[in-house]
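Residues per chain, in single letters:
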Amino acid sequence: MMASNYNAKEEDGHQPAAIGHGGAGTVKNKKPDNTAFKQQRLPAWQPILTAGTVLPAFFVIGLIFIPIGIGLFVTSNNIQELEIDYTGVDMSSPCYNCSQSYSWNSTKPCLCSVPFFLDQPFESNVFMYYGLSNFYQNHRRYVKSRDDSQLNGDKASLTSPSKECEPYRTSDNKPIAPCGAIANSLFNDTLELYYIDPNGSRTAIPLVKKGIAWWTDKHVKFRNPGGNDNNLTVVFQGTSKPVNWRKSVYELDPSDPDNNGFINEDFIVWMRTAALPTFRKLYRIIHKKTNMTPTLPLGQYILEVTYNYPVRSFEGRKRMILSTISWMGGKNPFLGIAYITVGSVCFFLGIVLLIIHHKYGNRNHSADIPS
Amino acid sequence: MGSLLSQLGLECGGKDVREKERHLRANDRELNLSYKYADNAIKTSKYNIFTFLPLNLFEQFQRLANAYFLFLLCLQSIPEVSSLPWYTTVVPLVLVLSMTMAKDSSDDMNRHRCDKQVNNRKVEILIGGDLSLILLYLSLLLQADLLLLSSSEPLNLVYIETAELDGETNLKVKQALTVTGKLEDSIEKLANFNGEVRCEPPNNRLDKFTGTLTLNGETYSLDNERILLRGCTLRNTQWCFGLVVFGGPDTKLMQNCGRTTFKRTSIDRLMNVLVLNIFGFLMIMCLILAIGNGIWEYQEGSKFAAFLPKGVNAPFSAFLTFWSYVIILNTVVPISLYISVEIIRLGNSFYINWDRKMYYPKSDTPAEARTTTLNEELGQIKYIFSDKTGTLTQNIMTFNKCSINGKSYGEPWQKVDFSWNNLADPKFCFHDNSLVEEVREGNPEVQAFFRLLALCHTVMPEEKKEGELYYQAQSPDEGALVTAARNFGFVFRSRTPERITVVEMGELVTYELLAVLDFNNVRKRMSVIVRSPEGKLTLYCKGADTIIFERLNPSCSNLTEVTTEHLNEFAGEGLRTLALAYKDIDPEYMEDWKLRHHEANTAMDEREEKLDALYEEIEKGLQLLGSTAVEDKLQDGVPQTIEQLSKADIKIWVLTGDKQETAENIGYSCNMLRDEMNEVFIVLKHHSTWNSISLVFHEQSFITFLLPIPPHLTLPPPSLSTQAFALEKDMEMELLRTACMCQTVICCRVTPLQKAQVVELVKKYKQAVTLAVGDGANDVSMIKAAHIGVGISGQEGMQAVLSSDYSFAQFRYLQRLLLVHGRWSYLRMCKFLRYFFYKNFTFTFVHFWYGFFCGFSAQTVYDEWFITLYNLVYTALPVLSLSLLDQDVNDWWSFQYPQLYTPGQLNQYFSKRAFVYTVLHSGYSSLVLFFIPWAAMYDTVRDDGKEIVDYQSFALLAQTCLLIAVSIQLGLDTHYWTAVNQFFLWGSLSVYFAVIFTMYSNGMFLTLISSFPFIGTARNSLNQPNVWLTMLLTSILCVLPVVAYRFLRILLWPTINDKVRGRGSTHLSLVRQDKVLPPAPRRVQARRTSTRRSGYAFSHAQGYGDLVTSGKFLRRTPKSRPALFSQTDSPLAQTQPQSYRTISEWEEPPLSP
């Protein structure tokens, strides 16, 4: 019929080059290039959600997650951890007096000793943490109140710290080193641990204070001005100590030049601000001595606290934590439980979907597409 | 031309006061200049090289999003508020501004080029001295409204074609005033011509012109007859002189074009609404957090003051925090949204330009997306308004079939060889040899049939060389019929007012033409009375079958029956039919009749009526000869396209300036009208062709609804307002309701402006997306009015294409534009928006949750660099590749199942509901992404006992979890995984890891200590197994519900897309081969026998009979003008007096049937 001389070939776009007007064959015509990209014919993988892919995926995820979860849970549970709150909120608490009387301005250290009993020996290396609660180290005004250049040993920043440090930038017209609110609020309790022999004698547990900070922090991010060889007292001359500090930055560990000044590891650890208001920070490490004896044998211990740090004002808590660690870090049962739960839900969903598929799956026969 | 015309005295100027009258004087530039009339130049460009930067920046900052970011930038400069460093805003803002600027500058460069092209079209103009006249040549498209002064033709006639204006292809005649006609082509006289024209101000009435010409103290009235409008084409006229009356935007054509409005898609509008809602939402979030901050400062902060840098009091702190959170949470209204949307649209536009399946080799025309901002709207079209001539049809008539003396000819058999006839038109083809045999054997009826065709018409022959005949037909139908007669051996050779010379089977015969009983729309027939050389008087008549059959001699009732059957067949095939009859006339009666005819012709009153009565009297007792069937050739694939589109639930309305019969006929031939439909209603038949609209409704069962419509739907008097309102307000709703109940709507006799009004009507009340497709200048207004305008680049000039949003060469490409490109664009845009909002909301909500754990202090969860780069680098390319490459089903399936198109019409993929769903989804994801890492990291340490829950490590964990989760979500949304998608997705993730390791490296830290404080975080965190386990957990938890939901949805409530996709996967091999076949034409024209419908259609106008007989139409040798034509273009031409510019307008082939 005359109306239907509809040319499929021409539509197909694979015709040889059209005969242009004017006949000049050399003239490039405007026919678009026949590339897969331009014609939107790029080869592609077109996955669709079918019972054949979705259901096995659910079962596989379930089957993988549950064992992982169990493994994590067991690992977490095997970690030994002891937590002692020495804030001194209760009247009965040994540190109650210190917590009541203490403020930043006192000059006399307040000591208190907290006895505790270890009913299980800690076999491997033990890590000693101090933990703070309700302490907003992640507050914006707090987080930005530091000068990384100064901490990196920049001489110019030492004498004129960044404005971010305000109001802890200068004191008595002298620049503060280290400046800023973070440094100013450095945790300054001293914790010591004593083992009480059954015969009653106290043995001090050796606490290692180095190796507690990140390597990058210790070696790259924090540097003393003028290198570590110089006399820090000279270097820091003309600067003022942070207002809350008892001693200057170059007196943090006078015994060890490698742990003094800005590269004091306690200081570095504190300067790595926590993400959440409840956090723990590594304080000391108790290395395992020999293979025979546990690092911390079971028995009676005393925690000697030099109580300097006031947290009562903001209802904060201070804790001392002794913990062993595993391949997945510290004790936290959440991941294990979450994996088990998610795995089970997956498995369960898989079964439910399978049932639904068996019941209604025949609906999806493509034959019934209306055309 | 603009520069030239401005010398004519039509300077462009601001029209503060509404012009009451136009006054100009030929050859007096100073006077003309003083009025500051519009220049003929058309300016569309916006900038020049100096104004570009300030203007463009000014414009860009007028956009809400950009202004908002500028405001953010200001906020960030306040240290108390600034929660993010300046670069997080500046980097994206600069990027966005510069990209937009690049696009704008290239757009404006194009506009400059176009303007230059349009404005530099050349015509010959008499300048120098104080000459200000225009000279035109044959086949020229007029570029301004002219007052005709003189022409090469006798009686100062010019012939013009107005297809650009109204779509009618027949010739029209204009005549100059005798007084100006005397000027002829004498430059001397023209130069001294100092007539003064006073006329109406510019308006959009194409049929009316009033004014006066004052020459030598005498005043002559001017009417429409003297005016040549821009857009007309000069035909049959060697040259003419004219005086420019209206130029450029003042021309009637331009006044009729309707206003250009900035088109926006419905998604755009939805997006704006959403963005406003998001702003509100953002404010609420900030308010909650600010209140939280106030409470926190009051309860905790005050006690914590010893540790914090000194703060301010709680209410003020809350106020500051509010703004800080405005900065942090600004990612809910990401600036990159707009730029990405633009890029996606641009990309999808390029696909249209690149599509070989929309490339028309015959005219070497690829499809073109002229507007790059409307693509997704192509996937939502509900109504298509189509022009007829040149859009659905090729505007070519072919003599296809005929029925002679009860025998039907023309069944396609084999091509007939006309080589025996040396006067035959080589382009003509016919497929039934038996007819040639009959005519050569001398079958008297067949010969009479063709003799009639050769005699009864108003065609003008033109014989440039011996034997090379060109017919200037006033209607293409007549051209086809006369050409058919010519090829079958009855060659119409020449005519004078009294004689018609025909070569009958090689033999020269001259007939004496006694009378022409002209055609008009009431009579629906025309006749001629001729005297053969033998002295026999015969009346030949052709016309509508119904009319002719009433006037037949009863003796041919048998023949009538057979012919009727044939006519039904022809009509069923959508052919345009005419019945032919003749009658021998008694010479004495003729003498008497002629006398009476002369009397009637000279009668002062009731001339028309008297003539009609006379015609009626003589056209009686006719002998039926047969019928002709002319095909108004449709463009290729039109019926199939229309069928496909209607399967996609798209309503197609045909709006044409043409006659009702013609339009209906096309309706049948392209399957829009079918015989089982009832012709329901004709709203109005007004006398004036320009001011009436008649709608033909076709529907099966809704007749009752049509009754309440009053029989008149008239216009207000046009004089009241220049913006004629076609449809009265109170009728609009009735009209629309009726029209929408019908399956097919065809509007005939609509003016360009009315076309636009019909479109506006539907736009206004139906809340549907409309598309207008047309090819001529008369379609410009509706192309501009519709949401999307499509121009067919055909024969009718470029006006439609220039104002269209998309253009291509063939109507059938429309289905590919809509069903494939439109569908994909819509799908991609919706996917993009859903995903984009998802990823940004998820990103932002995590900050919201973190607010509760950081004392509402506007501390960010993520690294500042991550915030800067998240939208611009880490997630930009994968989502772009998704939204440029994704296909849920390929084009083959889109054609197979046009129903796949309907979700777009219903706004299913992106709506407010989908948006709310997206927000809820992000809410869930953000909860997972914050609280899982929070719980997993709570109070824990690294595997060497050192810190892991520090702020920096937590930020790294949270951002990595987020990025992985949104990448997986992207993967789930991707249906079409090409190598590009894979590359961008994996590439972006790799880039992320590369960037964090680089930024957190020693080197970066030591170079710029304050900017890269995260040193070592990546190294220290990403080697921890619990970090990776947390990421895995969050990813699975984010994805799990989505997969389960989607799986269930496909299982229980599958959409057609799911089904087709499911099917597609089993037919993957087929799909991969990409054997895209056009849908098989399922419907062969059903032969219709039951109902009777006349196939009559004849695009002829009244008045040509008079022309033919009066001799006006006859050509004598044109007055020659050798001196002028030899002048060539030279740079001096403008300054030298008495010179002409030479024409370099494109040449069109002479009109031949």
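Residues numbered from 1 in each chain as written. Chains lettered and ligands numbered in written order. Predicted model: local features only at pLDDT ≥ 70, side-chain atom pairs only at ≥ 80, totals over all residues. Heavy atoms only, no water.

Take the overall build of chain A next. Per the secondary structure count, chain A includes eleven helices and eleven strands. Looking at chain A residue by residue over its 371 residues, the buried ones come to 52%. Excluding contacts between residues fewer than 6 apart, the proportion of contacts in chain A whose partners are at least 24 apart in sequence is 78%. Roughly 17,100 Å² of accessible area belongs to chain A as shown, and the carbon and sulfur atoms make up 57% of that amount. (Helix = DSSP H or I, 4+ residues; strand = E, 2+ residues; numbered from the N terminus. Buried < 20%, exposed > 50% of the residue type's maximum accessible area, 1.4 Å probe, protein only. Contact = heavy atoms within 4.5 Å. Areas by Shrake-Rupley, 256 points an atom, 1.4 Å probe, with all protein chains shown as cover.)

All names here are of chain B. In the numbering used here, UniProt assigns the "active site" (unreviewed entry) feature to Asp387. Tracing the sequence through the fold places Asp387 in the loop between strand E14 (381-386) and strand E15 (393-404). Residues within four places of Asp387 in sequence aside, it is in contact with Leu392, Leu655, Thr656, Lys755, Val773, Gly774, Asp775, Asn778, Asp779 and Met782. Only 3.4 Å separates the side chain of Asp387 from the side chain of Thr391, close enough to count as a polar contact. (UniProt positions renumbered as here; feature names shortened; annotations may be inferred. Polar contact = N/O pair within 3.5 Å; in protein donor to acceptor, adjacent residues only side chain to side chain.)

All right, on to the side chain of Ser527 of chain B then. Residue and element names in this part refer to chain B. Position of Ser527 among the secondary structure elements: in strand E22 (residues 525-531). Residue class for Ser527 comes out buried when judged on its relative accessible area of 0%. In this structure the side chain of Ser527 is engaged in a polar contact, spanning 2.4 Å, whose partner is the side chain of Glu619. Non-local contacts of Ser527, meaning those with residues more than four positions away in its chain, are made with Cys456, Ala515, Val516, Leu517, Leu539, Tyr540, Cys541 and Glu619.

Turning to the interface of chain A and chain B, a few remarks are in order. Contact with chain A, which involves 119 residues of that partner, is made by 129 residues of chain B. Around 11,000 Å² of area is buried between chain A and chain B when both sides are counted, 61% of it from carbon and sulfur atoms. Linking Lys281 of chain A and Glu947 of chain B is a salt bridge whose minimum nitrogen-to-oxygen distance equals 2.8 Å. Here the side of chain A that touches chain B is built from residues that sort into 63 nonpolar, 33 polar and 23 charged. With two bridges joining them, strand E1 (residues 44-45) of chain A and strand E33 (residues 977-978) of chain B adopt antiparallel strand pairing. Across the sheet, residue Trp45 of chain A finds its bridge partner in E33 of chain B, namely Trp977 of chain B. (Buried area = accessible area lost by both parts, 1.4 Å probe. Salt bridge = Lys/Arg side-chain N within 4 Å of Asp/Glu carboxyl O. Nonpolar A, V, L, I, M, F, W, Y, C, P; charged D, E, K, R; others polar. Pairing = 2+ DSSP bridges.)

Moving on: a nonpolar patch on the surface. Residues and elements named next belong to chain A. A cluster of nonpolar side chains, Leu63, Phe347, Ile351 and Ile355, forms an exposed patch at the surface whose accessible area comes to about 350 Å². The element best represented in the nonpolar patch is helix H11 (residues 334-360), accounting for three residues. Its location among the elements puts Leu63 in helix H2 (residues 51-78). For Leu63, a relative accessible area of 53% puts it in the exposed group. (Patch = residues over 30% accessible without salt bridge, like charges linked within 9 Å, V, L, I, M, F, W, Y side chains within 5 Å.)

A few words now on the pairing of strand E12 (residues 239-246) of chain B. Residue and element names in this part refer to chain B. With eight of eight residues buried, E12 lies mostly within the body of the structure. Bridge count for strand E4 (residues 145-151) against E12 is six bridges, and the pairing is antiparallel. Following the sheet pairing, Leu147 is matched in E12 by Leu243.

As a further point, take the packing of aromatic side chains. Inspection of the entire model under this criterion finds 88 aromatic pairs over all chains. With a centroid separation of 6.0 Å and 85° between ring planes, the pair formed by Phe930 of chain B and Phe954 of chain B is classed as edge-to-face. You can see Phe930 of chain B sitting in helix H32 (residues 912-937) and its partner Phe954 of chain B sitting in helix H33 (residues 951-973), a full 24 residues away along the chain. Across the pair, Phe954 of chain B and Phe930 of chain B agree in class, each one buried. With a centroid separation of 6.3 Å and an interplanar angle of 70°, the aromatic rings of Tyr951 of chain B and Phe1014 of chain B are classed as edge-to-face. Of the two residues, Tyr951 of chain B is situated in helix H33 and Phe1014 of chain B in the loop between helix H35 (1002-1007) and helix H36 (1017-1021); the sequence distance between them amounts to 63 residues. We note that Tyr951 of chain B, like Phe1014 of chain B, is buried. Through successive ring pairs, a cluster of aromatic residues spans Phe848, Trp849, Tyr850, Phe852, Phe853, Phe856, Phe930, Phe931, Trp934, Tyr938 and Phe954 of chain B. Seen from the ring of Tyr129 of chain A, Arg280 of chain A lies directly overhead, with NZ or CZ sitting 5.5 Å from the centre. Across the ring face of Tyr283 of chain A, the terminal group of Arg284 of chain A is positioned such that the distance to the ring centre comes to 4.1 Å. (Phe/Tyr/Trp six-rings, centres within 6.5 Å; stacked < 30°, edge-to-face > 60°. Lys NZ or Arg CZ within 6 Å of the ring centre and 35° of its normal.)

Counting residues in hydrophobic clusters, the biggest one holds 210 residues, and the most contacted among them are Trp270 and Leu322 of chain A. Looking at this core element by element, the count peaks at 16 residues for helix H27 (residues 813-851) of chain B. Not counting residues up to four positions away in its chain, the partners in contact with Leu322 of chain A are Gln80, Glu81, Leu82, Phe116, Phe122, Val126, Phe127, Met128, Leu193, Ile286 and Leu296 of chain A. Ranked by size, the runner-up nonpolar core spans 56 residues in total, among them Phe418, Val446, Ala484 and Met526 of chain B. (Core = buried A, V, L, I, M, F, W, Y, C linked by side-chain atoms within 4.5 Å.)

Further remarks concern the pairing of strand E19 (residues 490-495) of chain B. Along any regular strand the residues' side chains alternate between the sheet's two faces. Most of E19 of chain B is tucked away: five of the six residues are buried. Where E19 of chain B folds back onto strand E20 (residues 499-504) of chain B in an antiparallel hairpin, the turn is made up of three residues.

You can see Glu297 of chain B is positioned in helix H10 (residues 266-301). Looking at Glu297 of chain B, the relative accessible area reads 7%, which means it is buried. If near-sequence neighbours (up to four positions away) are discounted, Glu297 of chain B is found in contact with His139 and Arg141 of chain A together with Ser302, Val312, Ala314 and Ser317 of chain B.

Another aspect to go through is the environment of Gly336 of chain A. Residue and element names in this part refer to chain A. Assignment of secondary structure puts Gly336 in helix H11. Note on Gly336: relative accessible area 1%, which makes it buried. A C-alpha to C-alpha distance of 36 Å links Gly336 and Asn264, two positions 72 residues apart in sequence. Discounting residues that sit within four places of it in the chain, Gly336 has contacts with Gly69, Leu72 and Phe73.

Once that is clear, we can look at the confidence of the model for chain B. Predicted confidence across chain B gives a mean pLDDT of 78, with 79% of residues reaching 70 or more. A low-confidence stretch, residues 1-17 of chain B stays under pLDDT 50, and its non-local contacts, those more than four residues away or across chains, total 53 contacts. (pLDDT = per-residue confidence, 0-100.)

Residues and elements named next belong to chain A. The sheet built from four strands is open, its strands ordered E3-E10-E7-E8 with antiparallel pairing. Bordering the open sheet on either side are strand E3 (110-118) and strand E8 (202-204), each of which pairs with just one other strand. For this sheet, the mean inter-axis angle between neighbouring strands, taken without regard to orientation, is 30°. Across three bridges, strand E7 (residues 190-196) lies against E8 in antiparallel orientation. Opposite Tyr194, over in E8, you have Ala204 as the bridge partner. (Axes fitted to C-alpha atoms, helices over the stretch in contact; angles between N-to-C directions.)

Here we take up the environment of Glu760 of chain B. Residues and elements named next belong to chain B. Its location among the elements puts Glu760 in helix H24 (residues 752-766). Exposure remark for Glu760: the relative accessible area of 38% places this residue in the partly exposed category. Along the backbone, Glu760 and Phe841 are 81 residues apart, and their C-alpha atoms lie at a distance of 38 Å.

Attention now goes to the state of the cysteines. Residues and elements named next belong to chain A. For the structure shown, the criterion picks out three disulfides over all chains. In this model, Cys95 is linked to Cys112 through a disulfide, with the two sulfur atoms separated by 2.0 Å. The sign of the S-S torsion, about 80°, decides the handedness of the disulfide formed by Cys95 and Cys112: right-handed. One end of the pair, Cys95, is in the loop between strand E2 (81-85) and helix H3 (96-101); the other, Cys112, is in strand E3, and 17 residues separate them in sequence. Across this residue pair, the class does not change: Cys95 and Cys112 are buried. A sulfur-sulfur distance of 1.8 Å marks the disulfide that ties Cys98 to Cys110. Between Cys98 and Cys110 the sulfur-sulfur dihedral comes to about -85°; the bridge is accordingly left-handed. Of this pair, Cys98 sits in helix H3 while Cys110 is found in strand E3, placing the two residues twelve residues apart along the sequence. By the burial criterion, Cys98 is buried, and Cys110 matches it. Disulfides within chain A link the bonded cysteines, taken in sequence order, as 1-4, 2-3, 5-6. (Disulfide = S-S within 2.5 Å.)

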